[in-house]
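Listed below, chain by chain, are the residues.
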Amino acid sequence: MRFDELWLASVGTCLPPVLTVAEAARQGWCGAEQDGWTGVAVAGDIAPADLAVRAARTAMDRSGIDPALVGLLLHVTSAPQGPNGWCPQHYIEHRVVGHGAPAIELRQGSAGMLNAFDLAAGHLARPGPGAVLVTNGDNFGVEPATGYDPAVRWRYATNAGTNRGSILGDAGTAAVLSNRGGFARVRSIVNRSLSDLEEMYRGDERIFPPPVAADGPVRLGNRFAAYDAKSPGRLATALRRLRDARTGTAEEALADAGVTAADVTRVLHVFAGDERYVKHVLKPLGIDHTRGVLEFGRNLGHLGSGDQVAALEHLVLTGQLEPGDRVLVMANGTGIAVGAAVLEILHRPEWTA
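Residues numbered from 1 in each chain as written. Predicted model: local features only at pLDDT ≥ 70, side-chain atom pairs only at ≥ 80, totals over all residues. Heavy atoms only, no water.

Under an unreviewed UniProt entry, the protein has the name Ketoacyl-ACP synthase III family protein and belongs to Dactylosporangium maewongense.

> Could you clarify how one ought to interpret the overall build of the protein in this entry?
Secondary structure summary: the protein contains 10 helices and 13 strands in total. Overall, the protein is about 55 × 45 × 40 Å in size when its C-alpha atoms are taken along their principal axes. Counting every position in the protein, which comprises 353 residues, the buried fraction comes to 56%. Counting contacts in the protein only where the partners sit at least 6 residues apart, residues at least 24 apart contribute 79% of the total. (Helix = DSSP H or I, 4+ residues; strand = E, 2+ residues; numbered from the N terminus. Buried < 20%, exposed > 50% of the residue type's maximum accessible area, 1.4 Å probe, protein only. Contact = heavy atoms within 4.5 Å.)

> I tried to follow the sheet that holds strand 13 (residues 337-345) on my own but got confused; where do I start?
The strands that make up a sheet are held in pairs by hydrogen bonds between backbone atoms, and each pair lies either parallel or antiparallel. The sheet built from nine strands is open, its strands ordered 5-4-6-9-1-10-13-12-11 with mixed pairing. Bordering the open sheet on either side are strand 5 (103-106) and strand 11 (264-268), each of which pairs with just one other strand. Pairs of neighbouring strands in the sheet enclose a mean axial angle of 25 degrees, with direction left out of account. Bridge analysis of strand 4 (residues 70-76) against strand 5 gives four bridges, and the strand direction is parallel. (Pairing = 2+ DSSP bridges. Axes fitted to C-alpha atoms, helices over the stretch in contact; angles between N-to-C directions.)

> Would you mind showing me how to read the UniProt feature "domain: Beta-ketoacyl-[acyl-carrier-protein] synthase III C-terminal" (unreviewed entry) in the protein here?
Under the feature "domain: Beta-ketoacyl-[acyl-carrier-protein] synthase III C-terminal" (unreviewed entry), the UniProt entry names residues 254-345. Between the C-alpha atoms that bound residues 254-345 there is a distance of 15 Å. The span itself is 29% helix and 24% strand. (UniProt positions renumbered as here; feature names shortened; annotations may be inferred.)

> Before we go on, may I ask you to explain the packing of aromatic side chains in this structure?
Each aromatic ring pair is summarised here by two numbers: the centre-to-centre distance and the angle between the ring planes. Summed over all chains, the structure comprises four aromatic pairs. On the numbers, 5.7 Å between centres and 85 degrees between planes, the contact of Phe183 with Trp351 is edge-to-face. Here Trp351 lies in the segment after strand 13 and Phe183 lies in the loop between strand 9 (171-178) and strand 10 (184-193), a separation of 168 residues in the sequence. With a relative accessible area of 1%, Phe183 lands in the buried category. Aromatic pair Phe271 and Phe296: ring centres 5.8 Å apart, planes at 85 degrees, arrangement edge-to-face. Taken as a pair, Phe271 in the loop between strand 11 and helix 8 (275-282) and Phe296 in helix 9 (residues 294-297) lie far apart in primary sequence, 25 residues in all. (Phe/Tyr/Trp six-rings, centres within 6.5 Å; stacked < 30°, edge-to-face > 60°.)

> How do you make sense of the side chain of Glu313 when you look at a structure like this?
By the secondary structure assignment, Glu313 is in helix 10 (residues 307-317). Among the polar contacts listed, one links the side chain of Glu313 to the side chain of Thr13, at a separation of 2.7 Å. Leaving out residues up to four positions away in the same chain, Glu313 has contacts with Val11, Gly12, Thr13 and Arg62. (Polar contact = N/O pair within 3.5 Å; in protein donor to acceptor, adjacent residues only side chain to side chain.)

> Just to check I follow, could you spell out helix 3 (residues 88-96) for this structure?
The α-helix winds at 3.6 residues per turn, so residues separated by three or four positions along the chain end up facing the same way. Inspection of helix 3 places Pro88, Gln89, Ile92, Glu93 and Val96 among the buried residues, and these make up the whole buried set. Burial along helix 3 is one-sided: seen end-on, the buried residues are contained in an arc of 135 degrees. Tucked inside the fold, the buried residues of helix 3 contact helix 2 (48-63), strand 4, strand 5 and strand 6 (131-138). Phi turns positive, to about 85 degrees, at Gly98, one or two residues after helix 3. (Arc of directions from axis to C-beta.)

> What's the story with helix 8 in this structure? I'm lost.
Residues of helix 8 that are buried include every one of Tyr277, Val278, Val281 and Leu282, and no others. The buried residues of helix 8 all sit within an arc of 120 degrees when viewed along its axis, so they share a single face. The inward-facing, buried residues of helix 8 abut helix 7 (234-257), strand 11, helix 9 and strand 12 (326-333). Two to three positions downstream of the cap, the backbone nitrogen of Arg276 sits 2.8 Å from a side-chain oxygen, assigning the N-cap of helix 8 to Asp274.

> Looking at this model, I keep getting lost on the pairing of strand 4. Mind explaining?
Side chains on a regular strand alternate between the two faces of the sheet. Where burial is concerned, most of strand 4 is hidden: six out of the seven residues are buried. For strand 4 and strand 6, the ladder comprises six bridges, and the chain directions are parallel. Paired with His75 across the two strands is Thr135, which belongs to strand 6. Of the crossover connections in this fold, the one passing from strand 4 over helix 3 to the parallel strand 5 is right-handed. (Right-handed = clockwise from strand over helix to strand, strands pointing away.)

> Help me understand the pairing of strand 10, please; the structure alone is not making it clear to me.
The element strand 10 is extensively covered by neighbouring structure, given that eight of its 10 residues are classed as buried. As paired strands, strand 1 (residues 7-14) and strand 10 are joined by two bridges and run antiparallel to one another. The partner of Leu8 across the bridge, within strand 10, is Ala184. In this sheet, strand 13 lies alongside strand 10 in antiparallel orientation, the contact comprising nine bridges. Bridge pairing in strand 13 places Ala184 opposite Ile345.

The following block contains the structure:
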């Protein structure tokens, strides 16, 4: 869908210290070669919601928007957030916005931010000035049943049959969307669901009562293998469908925004350690992989729902985006969800100084 009055007022992140792959290998948590990854952001015992609060406060301060104008908070998650029955979105609203705005959690994995942007656009179509705060916070170092396990982040998607070996990094990210202006205009957003492929992420595990195991929450490789074992070859078919759907949403977003792939300056995508994945994502669009964000992301790990916002902040802060640049945002998440958006940079925000 095309938008003419939807702006990105600011973004913010909370990126914890980076643990290098070399050090992790010395600790025995991973091999010396980790699919091109060079490091991973590790938050230690900082709660996911606190990572989100720190990022959100940065984004709100940069936006210059009165918190009273925030009419909705959307908190996007991938990993467990805290005690069962507890709502992290209200914790964040209380500490950042503070006037009781509706607060909703979206458990949409790596595609969550684009889903949240879509919902924010609908809210901001209402008459009068308004803003929506979108947050994300994940800490993959703590498993609900076993406590801290520093190796688990290195086992994500092991033997998953994909061309993207993943490790998981911790971060908080946030974005403020507005209907009254910002440093970037959101030109289009497209989101789709391949819900018939949910079994890929379920494998042969029961769904109730949910299993609790040391590697249960983030061990996708075994589930993918179980999915394929029931009908050999269908995992490859599913991954082709994912690729085609991801490409299709990007093409639709570009068309809705009235631009072509040749007009795109940079692409914000799910982080990877190896250029093979970035080429796999961008080649079908005719976009060279060097327009992606491989070098930035490979030193942080896959940040769950936060990759694209973290990369956007990095490009803005380091002066790699100029007024008039078009940025393509691409995402795919568990389930399977795919999404794309097109941003137009209007000016360098004051907070880059």
